[in-house]
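Tertiary structure, described
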Amino acid sequence: MGHISLKQVTKSFGATNVIPPLDLEINDGEFVVFVGPSGCGKSTLLRLIAGLEDVTSGTIAINGNDATMIPPAKRGLAMVFQSYALYPHMSVRKNIGFPLKMAGISKEEAEQKIASAAEVLNLTDYLDRRPGQLSGGQRQRVAIGRAIVREPDAFLFDEPLSNLDAALRVNMRLEISELHNSLKTTMIYVTHDQVEAMTMADKIVVLRAGYIEQVGSPLELYRSPANLFVAGFIGSPKMNFVEGKDAEAEGAHTIGVRPEHLTVSKTSGQWKGTVGVSEHLGSDTFLRVNVEGLEPLTVRADGEVELYHGDTVYLTPEPSKLYRFDADGKAI
Amino acid sequence: MATQHSRSAARLMLAPAVILLLGWMLVPLTMTLYFSFKKYLPLRGGDLGWVGFDNYIRFVTSSAFWPSVMTTLLIVGGVLVITVVLGVLLAILLDQPMWGQGVVRILVIAPFFVMPTVSALVWKNMFMDPVNGILAHLWKAFGATPIEWLSQASVPSLIMIVSWQWLPFATLILLTAIQSLDSSQLEAAEIDGAPPVKRFWYITLPHLSRAITIVILIQSIFLLAVFAEIFVTTGGAFGTRTLTYLIFQRVLESQNVGLGSAGGVYAIILANIIAIFLMRIVGKNLDA
Amino acid sequence: MARAVTTQRKTINTAIAWAIGLLIFFPILWTVLTSFKTEAQAISDPPVFLFFDWTLENYSIVQERSNYMRYLWNSVIIAGVSTIIGIIIAVPAAWSMAFVPSRRSKDILLWMLSTKMLPAVGVLYPIYLLFIKMGLLDSLVGLTIVVMLINLPIIVWMLYTYFKEIPVDILEAARMDGATLREEILYVLTPMAIPGIASTLLLNVILAWNEAFWTLNLTAAKAAPLTAFIASYSSPEGLFYAKLSAASTMAIAPILILGWFSQKQLVRGLTFGAVK
Ligand SMILES: Nc1ncnc2c1ncn2[C@@H]1O[C@H](COP(=O)(O)OP(=O)(O)O)[C@@H](O)[C@H]1O
Ligand SMILES: [Mg+2]
């Protein structure tokens, strides 16, 4: 069980209001990602759920019971911190076993749980080391191990991968996803990286300045972003925005077109431009095209396309994949 | 971090320390203030009633007051000048590459750990004794007449003893500060052609200014309160009666509590003036 | 930083530094040496430096005659107990200010510091009077309390600066892991802060050991620690250099050793964290 429900939750630090009234339902077994630019209140929201901060008003219910005033230890949640927050003076074994010791679980039973968690996380050979003697990825695993053994109703992750290098991050991303598949426990995952959000989430919550901009599955957000912010935030490379007469022609204030929905031609098309930068990745080619009267447009073209700096190209958006926004940035 | 629960726990856990220190400060302070407005002679009649600001006036107009202020200033000022100047030089010296740096450091710091009564007695008897002291032997070796240090040159002698105790403190703090100086600054200056003296004057010394201020303030607080050294060596004779010692004598030796308490209030005010400056610096550091 | 220094320069540095170091250390060295001399050799003219008949006689005489052990015991009790009580009171206080800072934390810290700056002589009589009234004069209990109180601000400050360096995440992790406040402090904070707590302990033992103003003024025979015991040698009649030296050596040796261990932390402790 891991159903979490936030009703009219707000949080202010003194005079600064970080979370405006916010409602959110997180269902049992879901992998929910809070995503948004840094400073938008993701960690604060997670810490409210964890109980490390008090809400200023509103209620948080876990499995239907009001948990607003319950201390963190009693909420049945486990948290993995960005800094890992391992206990530096304890061995890996003791680190993972700490929550069990606090729960007063017998030595033998704890030993068993530690062993099986270590097994899952490939830590069996490192159980007697101190955190200081481990690599970043291993520390991350210990932190996860410490969370797993508690068998919590939900896992909370606060940017757990941001201290790892790029290659390791991709690996750990997969491992966490696999963990979710096998445990089927609710996970709430905070990140500022939309790629992590898109790849891992069942449900993404896009936050900006404490407000929920949109909630939905990765594809829902990709297909039908509710507003300019979500449209620009979800998807990589970022969506192109065009204002002015091209937009008016579509009956909108702004139109958006994803780089992958622009077709490139050397001969004819809607917008004529010159290639600024072309990045050949092999599988894809990313072009930055300067069009007169518009912001530079990003195009995702075929990997084998032979276009270089200074070439003249014509771009045409796929009409069915055009996004239209009104003057307030809302999708039409 | 802060939930209602942890905040109330924090208040509860802070309470014992705050209450104890509050009591330690307020109770005696109030009593001192109370006595300072009374004629109070425990051995000669006890509480003889309120006298207004009489004690305050009598304390500053007594013939012992100004000399004691002078002595205090001389000792505090003398020790400060000696420890800061020598401390800077020693710190620079100890920062140079050498063999056995750790050992030298230990040798230099050692006096700080010697209890005041021991250092005062050792200096008084084994160094400053006009007959058997080392200094007397040294003087004789050069054909000079030994000095009766603690009677003929009592204040300089005390300055010397106290400086010996506090030089390690200044050196240690200044050395720590010097070691935090980014050496690339000095190297840049060297490349720019600045000679060593200029490098010291324009880079090292400004870098040390904060540490020097801290040394001066902290030492001032402790030096104003120098007691055991005088108690053991001269007992306040030969012009070594500082303000602290004068108050001690008024209170415990002549048991004129009212008068001594008025002096105590003066001492508290004086210490607070210095403390305010020190706290400004420390407080700034807290924000950083 | 790492630049080749000529051996010649290094030699000169070494010579000067050692000369000055030994000069500063000389009074202590001389005291220790004299403690092994006979009384006659101690005042011989010219003074003998090393070539004398080494004897331990002074140490045994000092012990027998003056009940040295009792003073030592008093010193140990006062320094040890006052430090331990101080730390027990200060750890929670420092936890509060380091991990649950409020607008007032800084003011409280500075105020604590200001109590340390209260000149002792300004409150001498009130304390003296209170001690008489409560029957604490010349008692170990009374003195231990006073010494604990005068050092409490330093203990709180030192612990505070050490705690500040511990990431709050780790304490929160413990809280998430189900630790109560007591368990969080006992199993997580304290072990992590052990180096800081140890140096705080050390510095305070040193300060308490050497505390002279209150020990001289509040004790007579019963509770007098070593500071007062040494002061009793100031009367000219009881003056014998070798014995004075032996007593002095015994009084300072333990603390000198502790001091050398704690020299690094000393700076932080004595400047209230303003210089690290
Ligand atoms: N303890 C606090 N006191 C005051 N302001 C805070 C505190 N914690 C966070 N904030 C503010 O709340 C906002 C959101 O912070 P945070 O939740 O950490 O953002 P994110 O995790 O999305 O980067 C930031 O503007 C931050 O400055
Ligand atoms: Mg964050």
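The structure displayed is predicted, hence computed values, not measured ones.

Looking only at helices and strands, chain A has nine helices and 18 strands in total. Once the C-alpha set of chain A is aligned to its principal axes, its extents read approximately 75 × 45 × 35 Å. Residues counted as buried form 52% of the 332 residues belonging to chain A. At a minimum sequence separation of 6, the contacts of chain A that also span at least 24 residues come to 63%. Working note: accessible area of chain A is about 15000 Å², and carbon and sulfur atoms make up 50% of it. Each charge sign in chain A was given a centre, from 33 positive and 41 negative side chains, and these centres are 6 Å apart.

Residues and elements named next belong to chain A. Domain annotation for chain A reports domain 1 (4-231) and domain 2 (238-325). Domain 1 and domain 2 are separated by 38 Å when their C-alpha centres are compared. Across the boundary between the two partners, domain 1 contributes seven residues, which contact eight residues of domain 2. Roughly 620 Å² of surface becomes buried between domain 1 and domain 2 when both sides are summed, with 60% attributable to carbon and sulfur atoms. Ranking the residues of domain 1 by area buried against domain 2 places Tyr-222, Leu-228 and Ala-231 at the top, with a combined share of 79%. On the surface where domain 1 and domain 2 come into contact, there are zero salt bridges. Counting every contact that joins domain 1 to domain 2 gives four residue pairs in polar contact (both at pLDDT 80 or more). Where the side of domain 1 that touches domain 2 is concerned, the elements lending two or more residues are α7 (218-223) and α8 (228-233). Tallying contributions element by element places α7 first for the side of domain 1 that touches domain 2, with three residues. Broken down by class, the residue content of the side of domain 1 that touches domain 2 amounts to five nonpolar, one polar and one charged.

Residue and element names in this part refer to chain C. The interhelical angle for the contact between helix α4 (residues 68-99) and helix α7 (residues 140-164), taken along N-to-C directions, is 40°, at an axis separation of 6 Å. In terms of orientation, α4 lies oblique with respect to α7. Helix-helix and strand crossings are classified by hand; for α4 and α7 the assignment is right-handed. For the contact of α4 with α7, the per-class residue count stands at 23 nonpolar, five polar and one charged.

Residues and elements named next belong to chain B. Helix α8 (residues 154-179) packs onto helix α5 (residues 116-127) with a crossing angle of 135° between their chain directions and a minimal axis gap of 10 Å. As the angle between them shows, α5 and α8 are arranged oblique. As for how α5 packs across α8, the hand of that crossing is right-handed. The residues of α8 that touch α5, namely those facing Pro-116, Ser-119, Ala-120 and Trp-123, are Met-160, Ile-161, Trp-164 and Gln-165. Residue composition of the contact of α5 with α8, grouped by class: six nonpolar, two polar and no charged.

As a further point, take the interface of chain A and chain B. Of the residues lining the interface, five residues belong to chain A; the matching set on chain B comes to six residues. A per-residue breakdown of the area chain A buries against chain B is headed by Leu-52, Glu-53 and Asp-54 of chain A, which together make up 71% of the total. Counting the contacts that link chain A with chain B gives zero salt bridges. Linking chain A with chain B are one residue pair in polar contact (both at pLDDT 80 or more), by the criterion used here. For the side of chain A that touches chain B, the class distribution of residues is one nonpolar, one polar and three charged.

Now for the pattern of salt bridges. Scanning the entire structure with this criterion turns up 15 salt bridges over all chains. Where Lys-42 of chain A meets Glu-159 of chain A, a salt bridge forms, and the shortest distance between an N and an O atom there is 3.9 Å. With Lys-42 of chain A in helix α1 (residues 42-50) and Glu-159 of chain A in the loop between β7 (154-158) and α5 (166-183), this pair connects stretches of sequence that are 117 residues apart. A relative accessible area of 3% means that Lys-42 of chain A is categorised as buried. Classification of Glu-159 of chain A by relative accessible area gives buried; the value is 10%. Taking the shortest distance from any N to any O, the salt bridge between Arg-93 of chain A and Asp-128 of chain A comes out at 3.2 Å. Pair noted here: Arg-93 of chain A is in helix α2 (residues 92-102) and Asp-128 of chain A is in the loop between α3 (107-120) and α4 (136-148), with a separation of 35 residues, a long-range link. The class for Asp-128 of chain A is exposed, based on a relative accessible area of 62%. Counted as one network, the salt bridges with shared partners bring together Lys-11, Arg-47 and Glu-53 of chain A together with Glu-172 of chain C.

Let us look at the interface of chain B and chain C. One widely used convention gives an interface's size as the accessible area the parts lose upon coming together. Each partner contributes residues to the interface: chain B has 96 residues there, and chain C has 107 residues. The junction of chain B with chain C conceals about 9100 Å² of combined surface from both sides, 79% of it contributed by carbon and sulfur atoms. Applying the counting criterion to the chain B and chain C interface returns zero salt bridges. At the boundary of chain B and chain C, one finds 11 residue pairs in polar contact (both at pLDDT 80 or more). In terms of residues, the side of chain B that touches chain C owes the most to one element, helix α1 (residues 4-36) of chain B, which gives 21 residues.

Here the focus is the nonpolar core. With 234 residues, the main nonpolar core has Phe-34 of chain A together with Trp-95, Phe-163 and Trp-214 of chain C as its most contacted residues. With residues near it in sequence (within four places) discarded, Phe-34 of chain A still touches Leu-24, Ile-26, Lys-42, Leu-45, Ile-49, Ile-188, Tyr-189, Val-190, Thr-191, Val-205 and Leu-207 of chain A. Ranked by size, the runner-up nonpolar core spans 43 residues in total, among them Val-80, Leu-121, Leu-179 and Tyr-189 of chain A.

We now examine the side chain of Glu-53 of chain A. Within the secondary structure, Glu-53 of chain A sits in the loop between α1 and β4 (57-62). Here Glu-53 of chain A falls in the buried class, since its relative accessible area comes to 9%.

Residue and element names in this part refer to chain A. Across the sheet, which stays open at both edges, the four strands sit in the order β2-β1-β4-β5 with antiparallel pairing between neighbours. Two strands bound the open sheet, and with one partner strand each, they are β2 (16-26) and β5 (65-66). Across five bridges, the pairing between strand β1 (residues 4-13) and β4 is antiparallel. Bridge pairing in β4 links Leu-6 to Ile-60.

Residues and elements named next belong to chain A. In the vicinity of ligand 1, the contacting residues are Phe-13, Val-18, Ser-38, Gly-39, Cys-40, Gly-41, Lys-42, Ser-43 and Thr-44. Contact distances for ligand 1 include 2.9 Å between an oxygen atom and a backbone N or O atom of Lys-42. Ser-43 is positioned such that a nitrogen or oxygen atom in its side chain is 2.6 Å from an oxygen atom of ligand 1. When residues in the shell around ligand 1 are grouped by element, the largest group, three residues, is from α1. The class makeup of the residues in the shell around ligand 1 is three nonpolar, five polar and one charged.

Residues and elements named next belong to chain A. The antiparallel open sheet is built from five strands, whose spatial order is β13-β17-β14-β15-β16. Looking at strand neighbours, the two that pair on one side only are β13 (262-265) and β16 (297-302), the edges of this open sheet. Strand-to-strand twist of the sheet, defined as the mean angle between neighbouring strand axes without regard to direction, takes the value 45°. As paired elements, strand β14 (residues 271-280) and strand β15 (residues 284-291) share seven bridges and run antiparallel to each other. Looking at β15, one finds that Val-277 is bridged to Arg-288.

All right, on to the pairing of β14 of chain A then. Residue and element names in this part refer to chain A. As judged from the four bridges shared by β14 and strand β17 (residues 312-317), these two strands associate in the antiparallel manner. Bridge pairing in β17 links Lys-272 to Tyr-314. Hairpin connection from β14 to β15: three residues lie between these consecutive antiparallel strands, with Gly-282 at a positive phi of about 100°.

It is worth spelling out unusual backbone geometry at this point. Peptide bonds are trans in most cases, and residues, glycine excluded, mostly fall at negative phi. Going from Ser-236 of chain A to Pro-237 of chain A, the amide bond is cis rather than trans, its omega being -5°. For Pro-237 of chain A, the location among the structural elements is in the loop between α8 and β11 (240-243).

Time to look at the environment of Val-122 of chain B. Within the fold, Val-122 of chain B resides in helix α5. Measuring from C-alpha to C-alpha, the distance between Val-122 of chain B and Lys-38 of chain B comes to 41 Å, with 84 residues separating the pair along the chain. Residues contacting Val-122 of chain B, with those up to four places away along its chain left out, are Phe-127 of chain B together with Pro-27, Thr-31 and Ser-248 of chain C.

Scoring rules and cut-offs
- Residues numbered from 1 in each chain as written.
- Chains lettered and ligands numbered in written order.
- Predicted model: local features only at pLDDT ≥ 70, side-chain atom pairs only at ≥ 80, totals over all residues.
- Heavy atoms only, no water.
- Helix = DSSP H or I, 4+ residues; strand = E, 2+ residues; numbered from the N terminus.
- Buried < 20%, exposed > 50% of the residue type's maximum accessible area, 1.4 Å probe, protein only.
- Contact = heavy atoms within 4.5 Å.
- Areas by Shrake-Rupley, 256 points an atom, 1.4 Å probe, with all protein chains shown as cover.
- Lys, Arg positive; Asp, Glu negative; His and termini not counted.
- Charge placed at Lys NZ, Arg CZ, Asp CG, Glu CD.
- Domains from an automatic or database assignment.
- Buried area = accessible area lost by both parts, 1.4 Å probe.
- Salt bridge = Lys/Arg side-chain N within 4 Å of Asp/Glu carboxyl O.
- Polar contact = N/O pair within 3.5 Å; in protein donor to acceptor, adjacent residues only side chain to side chain.
- Nonpolar A, V, L, I, M, F, W, Y, C, P; charged D, E, K, R; others polar.
- Axes fitted to C-alpha atoms, helices over the stretch in contact; angles between N-to-C directions.
- Parallel < 35°, antiparallel > 145°, perpendicular 65-115°, else oblique.
- Left-handed = near helix turned anticlockwise from the far one by under 90°.
- Core = buried A, V, L, I, M, F, W, Y, C linked by side-chain atoms within 4.5 Å.
- Pairing = 2+ DSSP bridges.
- Near = heavy atom within 4 Å.

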